[in-house]
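Residue strings, one per chain:
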Amino acid sequence: MSIRFDAKYAQNIVSSSDIREMAPKAVEAMSTLMSKTGEGNDFLGWIDLPTNYDKEEFVRIKEAADYIKKNADILIVIGIGGSYLGARAVIEAVKSPNYNLLCKDTPQIFFIGNSISPASLNEIVELCEGKDICVNVISKSGTTTEPAIAFRVFRDLVNQKYSAGEAAKRIFCTTDKAKGTLKGLADKEGYATFVVPDDVGGRFSVLTAVGLLPIAVAGIDVDALMLGARNAQNELCSDNIDENPCLKYAAVRNCLYNKGKKLETFVSFEPAMAMFNEWIKQLFGESEGKDGKGLFPSSCVFSTDLHSLGQYIQESGGSLMFETVVKFAECTNDYVIGMQEGNIDGLNFLAGEKMSVVNDKARQGTLLAHTEGGVANLIIEADRLDAESIGYLIYFFEKSCAVSGYILGVNPFNQPGVESYKKNMFALLGKPGYESEKETLEKQLGL
């Protein structure tokens, strides 16, 4: 199996009998998921996606990526939430957080439309000056405020820079297959379109065109990514909790929740995984955080955050939280520490040692310190940080999240709470149809 799960560093809180007691609930939850009989079962297209994806569209995605690579210095990816987090997470994990500084044969990729910051938008516009650009706008409807504003700006930019025919070739829309504002505009203007599947929610969509087009533009092997996910789909099926790490992880985290833990911190000792942690946070936060239930997802990159949050985690975190650590068995880009004349920094005892070994010893030391402080640690180990392993991890966390949500007793596939801020914002902006709420909201704000 391409992944290992280790819960022994949580056994001072969650015993083997606790896990055995939770096992039938976990098996039942997985059965509900795989039989597609639970709440939200109209959003389960991701389950079979690694094998049952649109092969024709997959070819078109790779062809579009090749066109962008040959004709653009910059790809602007417009989307928010699941419409950008997955792609950015994979690009930074497999390539680098410094991808835009290191890329040579592929375009720079900038993600926009994930906030309403004018400063952020203006910076990206400035970076596009004098460059050939393509745009990939990702929106099911085409009317979500943040990406819609950004698309207005960058569509105008493309139209001003190129002829109508050339502009149409440089805009790629990932949207509904048949309806919606963006689909209508794309059909009218002749933009290439890719599909946001009806049965795949945004936070589960990274292995659809939503994520695959930007990922392919970055030069990542999307076939390897899908292979990893396909391996996970095939391997994470057993209803024996000791043979299925996905099932066991879902069970253990629910045991910890039942014992009063309120917060799960996703940890990596690789800075390249920072955005992947952000993707996991949305996946679990939006899937489980409802009906007054759910663990609060947070994340850290160690050893960096040990110098800011380590004190709190070790000495105050035990009653509140636990850590889920993603580690990799092999280092793909190591560095050997050299000898320094005079040993000024006192580190010559490390001369000749691989930096990956030092990093892992820091991980082990942190593990001991935090567990001694009462913070349970769950360890998820993949083979190496590459496209195939990331594909596997994506499917692992998606399935774990769905099973865990059903154990918790919530619908893991809706997100009713995210609509409230939108309604309030529209009313305060004076959007037609929201006039009656505006005055009330302004009074509440003291305006």
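Right above here is the structure, for reference.
Below: a short report on this structure. Here the structure is a predicted model, which means the values were calculated and not measured.

**What about the overall build of the chain?**
Consideration 1: Helix and strand counts for the chain come out as 17 helices and 10 strands.
Consideration 2: What you see for the chain is a C-alpha radius of gyration of 23 Å, in line with the 22 Å of a compact globule of 447 residues.
Consideration 3: Its C-alpha atoms put the chain at 65 × 60 × 50 Å along the principal axes.
Consideration 4: Classification of the 447 residues of the chain by burial places 50% in the buried group.
Consideration 5: Considering only contacts within the chain whose residues lie at least 6 apart along the sequence, 78% involve residues at least 24 apart.
Consideration 6: As displayed, the chain offers around 20,200 Å² of accessible surface, 50% of which is attributable to carbon and sulfur atoms.
Consideration 7: The distance from the centre of the 45 positive side-chain charges to the centre of the 59 negative ones in the chain is 3 Å.

**With respect to helix α3 (residues 85–94)**
Since the α-helix turns once every 3.6 residues, residues separated by three or four places project in the same direction.
Consideration 1: Burial analysis of α3 places eight of its 10 residues in the buried class, the great majority of the element.
Consideration 2: For α3, every residue scored as buried is listed here: Leu85, Gly86, Ala87, Ala89, Val90, Ile91, Glu92 and Ala93.
Consideration 3: Lining the buried residues of α3 we find α4 (99–102), β3 (108–112), α9 (209–217), α10 (222–235), α12 (274–288) and α15 (387–408).

**Points about the environment of Lys290**
Consideration 1: Considering the arrangement of structural elements, one finds Lys290 in the loop between α12 and β8 (296–301).
Consideration 2: Residues Lys290 and Pro412, spaced 122 residues apart in sequence, show a C-alpha to C-alpha distance of 9.0 Å.
Consideration 3: If we ignore the near neighbours within four places in the chain, the residues touching Lys290 are Arg203, Val410, Asn411, Pro412, Phe413, Asn414 and Gln415.
Consideration 4: At 2.5 Å, the side chain of Lys290 forms a polar contact with the backbone oxygen of Asn414.

**Some words on the pattern of salt bridges**
Consideration 1: With the rule as written, the count across this model stands at 27 salt bridges.
Consideration 2: Taking the shortest distance from any N to any O, the salt bridge between Asp198 and Lys140 comes out at 2.7 Å. Residue Asp198 is located in the loop between β6 (192–195) and α9, and its partner Lys140 is located in the loop between β4 (133–138) and α6 (145–161); the two are separated by 58 residues in the primary sequence.
Consideration 3: By relative accessible area, which is 39% here, Asp198 ends up partly exposed.
Consideration 4: Here Asp187 ties to Lys183 by a salt bridge, and the two come within 3.2 Å at their closest N and O atoms. Residue Asp187 and its partner Lys183 are both found in helix α8 (residues 181–189); the two are separated by four residues, about one turn of the helix.
Consideration 5: For Lys183, a relative accessible area of 12% gives the class buried.
Consideration 6: Taken together, the shared-partner salt bridges in this structure form one network comprising Lys140, Asp176, Lys177, Lys179 and Asp198.

**Re the sheet that holds strand β1 (residues 3–6)**
Consideration 1: One open sheet accounts for five strands, arranged β1-β10-β9-β7-β8; its pairing is mixed. Sheet topology places β1 and β8 at the edges, where each strand pairs with a single neighbour. Here the average twist between neighbouring strands, direction ignored, is 20°.
Consideration 2: Here β1 runs beside strand β10 (residues 376–384); their pairing, made up of four bridges, is antiparallel. What sits directly across from Phe5, in β10, is Ile380.

**Digging into the sheet that holds strand β5 (residues 171–175)**
Consideration 1: Read across the open sheet, the five strands follow the order β3-β2-β4-β5-β6; overall the sheet is parallel. Each edge of the open sheet is held by one strand with a lone partner, namely β3 and β6. Pairs of neighbouring strands in the sheet enclose a mean axial angle of 20°, with direction left out of account.
Consideration 2: With five bridges joining them, strand β2 (residues 74–78) and β4 adopt parallel strand pairing. Across the sheet, residue Val77 finds its bridge partner in β4, namely Asn136.

**Comments concerning the environment of Gln364**
Consideration 1: Checked against the element boundaries, Gln364 lands in helix α14 (residues 355–372).
Consideration 2: A relative accessible area of 28% places Gln364 in the partly exposed class.
Consideration 3: A sequence separation of 205 residues divides Gln364 from Asn159, and the C-alpha atoms of the two residues are 54 Å apart.

**Observations concerning α9**
Consideration 1: Of all nine residues making up α9, nine are buried, and the element is well covered by its neighbours.
Consideration 2: Listed as buried for α9 are Ala209, Val210, Gly211, Leu212, Leu213, Pro214, Ile215, Ala216 and Val217.
Consideration 3: Directly beyond the C-terminal end of α9, a positive phi value near 85° is found at Gly219.

**A closer look at the packing of aromatic side chains**
Describing an aromatic ring pair means giving the distance of the ring centres and the angle of the ring planes.
Consideration 1: Overall, the coordinates contain 20 aromatic pairs when judged by the stated rule.
Consideration 2: With a centroid separation of 6.3 Å and an interplanar angle of 85°, the aromatic rings of Phe266 and Phe397 are classed as edge-to-face. Of the two residues, Phe266 sits in strand β7 (residues 263–268) while Phe397 sits in helix α15, which places them 131 residues apart along the sequence. Taken individually, Phe266 and Phe397 each receive the classification buried, so the pair is uniform in this respect.
Consideration 3: Considering the side-chain rings of Phe284 and Phe397, the 6.4 Å spacing of their centres and the 85° angle between planes classify their relative orientation as edge-to-face. Here the residue Phe284 occupies a position in helix α12, and Phe397 occupies one in helix α15, the gap between them amounting to 113 residues. Grouping residues by exposure puts Phe284 and Phe397 together as buried.
Consideration 4: Lys431 extends its terminal NZ or CZ atom over the ring of Phe426, reaching a point 4.0 Å from the ring centre.

Criteria and thresholds
- Residues numbered from 1 in each chain as written.
- Predicted model: local features only at pLDDT ≥ 70, side-chain atom pairs only at ≥ 80, totals over all residues.
- Heavy atoms only, no water.
- Helix = DSSP H or I, 4+ residues; strand = E, 2+ residues; numbered from the N terminus.
- Rg over C-alpha atoms; globule rule 2.2 N^0.38 Å.
- Buried < 20%, exposed > 50% of the residue type's maximum accessible area, 1.4 Å probe, protein only.
- Contact = heavy atoms within 4.5 Å.
- Areas by Shrake-Rupley, 256 points an atom, 1.4 Å probe, with all protein chains shown as cover.
- Lys, Arg positive; Asp, Glu negative; His and termini not counted.
- Charge placed at Lys NZ, Arg CZ, Asp CG, Glu CD.
- Polar contact = N/O pair within 3.5 Å; in protein donor to acceptor, adjacent residues only side chain to side chain.
- Salt bridge = Lys/Arg side-chain N within 4 Å of Asp/Glu carboxyl O.
- Pairing = 2+ DSSP bridges.
- Axes fitted to C-alpha atoms, helices over the stretch in contact; angles between N-to-C directions.
- Phe/Tyr/Trp six-rings, centres within 6.5 Å; stacked < 30°, edge-to-face > 60°.
- Lys NZ or Arg CZ within 6 Å of the ring centre and 35° of its normal.

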